[in-house]
Structures are given as C-alpha cells and as structure tokens.
Amino acid sequence: MKLDIIGDIHGCYDELISLLQKLGYKQDQLDYVHHDSTRKLAFVGDLTDRGPNSLDVIRLVAHLVKQNRAFYVPGNHCDKLYRYFIGRNVQIKHGLETTVAELNSLDKQEFQQIKQQFTQLVDQSPLYHILDESRLIIAHAGIRSKDIGLFNKRVKTFVLYGDITGETNDDGTPIRRDWAQHHSGNEWIVYGHTPTKHVRFVNHTVNIDTGCVFGGALSALQYPELNVVQVPSQQPYQQEKFRSFES
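Everything quoted here is computed from the prediction, not taken from an experiment. (Residues numbered from 1 in each chain as written. Predicted model: local features only at pLDDT ≥ 70, side-chain atom pairs only at ≥ 80, totals over all residues. Heavy atoms only, no water.)

## Things to note about the layout of surface pockets
Space inside the second largest pocket adds up to approximately 480 Å³. Elements with a contribution of two residues or more to the lining of the second largest pocket: helix 2 (54–66), strand 5 (70–72) and helix 5 (108–123). (1 Å grid on protein atoms, 1.4 Å probe; cavity = no way out; pocket = protein on both sides within 12 Å on 5 of 7 lines; lining within 4 Å. Points joined across faces, edges and corners; volume = space filled by probe spheres on them. Helix = DSSP H or I, 4+ residues; strand = E, 2+ residues; numbered from the N terminus.)

Laid out in structure tokens, this is it:
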C-alpha cells in the first residue's frame, strides 16, 4: 500500500492543489491521478474552517473518496460542521464562522448539494482507518494502541480532540497531553490536529499538521517511504498558534 497522507487543510484549497501537483498528481477533469497508479491519497480530517476556501476542499475530497482515489477520516471541525448541517445547536465560532459565511453565499440548490456531499462523506467514512494489515492507523488527533478496534464514545473523543485534560488554555483551546510520548506499539499512527512547525516523528507516530491555515505549511507523509513533502502556506503567519514540544 502506497499512500500520500495530507493534513490539516482547513480550507487552504490553493495550497492543497499545489501539494497534489508536487506529489505527482495530475488533474484529469475532476480527478487528480498519480502516474503511479498504486498510490492513493488520504486525509486526516479538518478539511474546513478558518481558511479561505473550505467548500472547494469539500468538493474535491468528497469526489476523490467517492471515486475510490482517497481515504478520509473526520476531524473535530468536520464533526462540528456535520452537526451544523443536520441541525444541531452548535456555536458558530472557532473557525466554523468562515465556512458558514461561504455557505451563506450559495443559493438553495448549491447549499443542498454541498450539504449532501459532506454529510455523505462523513457518514460513509470510519472514525479512523486501520490500513496495511494494521501496520498503519490514520486518526485525526491520534489514538492509543489499546483502543485500536474500539469505536466507543471515549475513543471518539480521543480521536477527535486528542488526550484532553478537561482544562483550557488562556485562548479557550483545550489543554492536551502529549500522548505520542507514551506510544509503544509497532503500528504507525499518522495524525494531525495539533499544529507544529515541523512534521513530528515520535515513537512510530507522525503528526503531519504543520499549521497551513496559520501560515506554516501544508504537509504530506508518503507511506511506506516516510518521506515528507510540503508546500508553504499562503496565509498570514501566526506564531502563537503553533504547539511547542521539547522533543
């Protein structure tokens, strides 16, 4: 199995297209096709919010998944947008407001079309992917080895939000423990969610969220080669949004 795993996009559509091209994917009508037909794409979630073009990201990823050219797992922002679409009472903040503003510019038919595309994408995708005969796990914010194969509420919270303590930082974001430091399994766990300045390899885990929407880069991990391919962000740089680690 050969994959190009990308995350987190957060509406940075132009950077996504640049990254696909750099990875060797060529546009064929609505598809992006690699010259090596055995390669597929994978997305670690958080397609939308904060960035300038969330709806085109949804359209492209939904199409690629439907055509069996890509894998996808939902992130916490995906989960929140899904709940918005099905009429749950969610707060239009922490980035969702940018996606809602895009949605409000659509006519009724266009709105229904993007709603159907996105809700179907989430409905038909697993909470996390177990791939390559369990040698690779793709989970938005990560997962503990002992929980692989479980899909209960506790595991869903971890997969979507990471190892949260229940407390919050000064900016209102949840405080997260560095779960990767304690990972001892042989499977590779590829995730995003926590923006770091560089792709972070720790104990057979790889955090590929390099904060594109905060002015960092959009990154892909090539599996099984474990090469990193990046394109620079076109968004303003926000130093305070990046998580620092000692390792």
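Right, picking up where we left off after that structure.
## Regarding the nonpolar core
In terms of nonpolar packing, the biggest core is built from 43 residues, with Ile-6, Leu-16, Leu-20, Phe-43, Leu-47, Tyr-72 and Phe-118 touching the most fellow members. No other element matches the seven residues that helix 2 contributes to this core. Setting aside residues no more than four positions away along its own chain, Leu-20 makes contact with Ile-6, Tyr-25, Tyr-32, Leu-41 and Leu-60. Counting residues in hydrophobic clusters, the runner-up holds 16 residues, among them Leu-3, Val-44, Leu-136 and Val-206. (Core = buried A, V, L, I, M, F, W, Y, C linked by side-chain atoms within 4.5 Å. Buried < 20%, exposed > 50% of the residue type's maximum accessible area, 1.4 Å probe, protein only. Contact = heavy atoms within 4.5 Å.)

## Some thoughts on the sheet that holds strand 5
In space, the five strands of this open sheet follow the order 5-4-1-13-14, with mixed pairing throughout. The open sheet has two edge strands, strand 5 and strand 14 (227–232), and neither has a second partner. Pairs of neighbouring strands in the sheet enclose a mean axial angle of 20°, with direction left out of account. Of the strand pairs in this sheet, strand 13 (residues 217–223) and strand 14 are connected by six bridges, and their pairing is antiparallel. Bridge pairing links Ala-217 to Pro-232 in strand 14. Contacting strand 4 (39–43) and strand 5, helix 2 crosses the sheet at an angle of about 115° to strand 5. (Pairing = 2+ DSSP bridges. Axes fitted to C-alpha atoms, helices over the stretch in contact; angles between N-to-C directions.)

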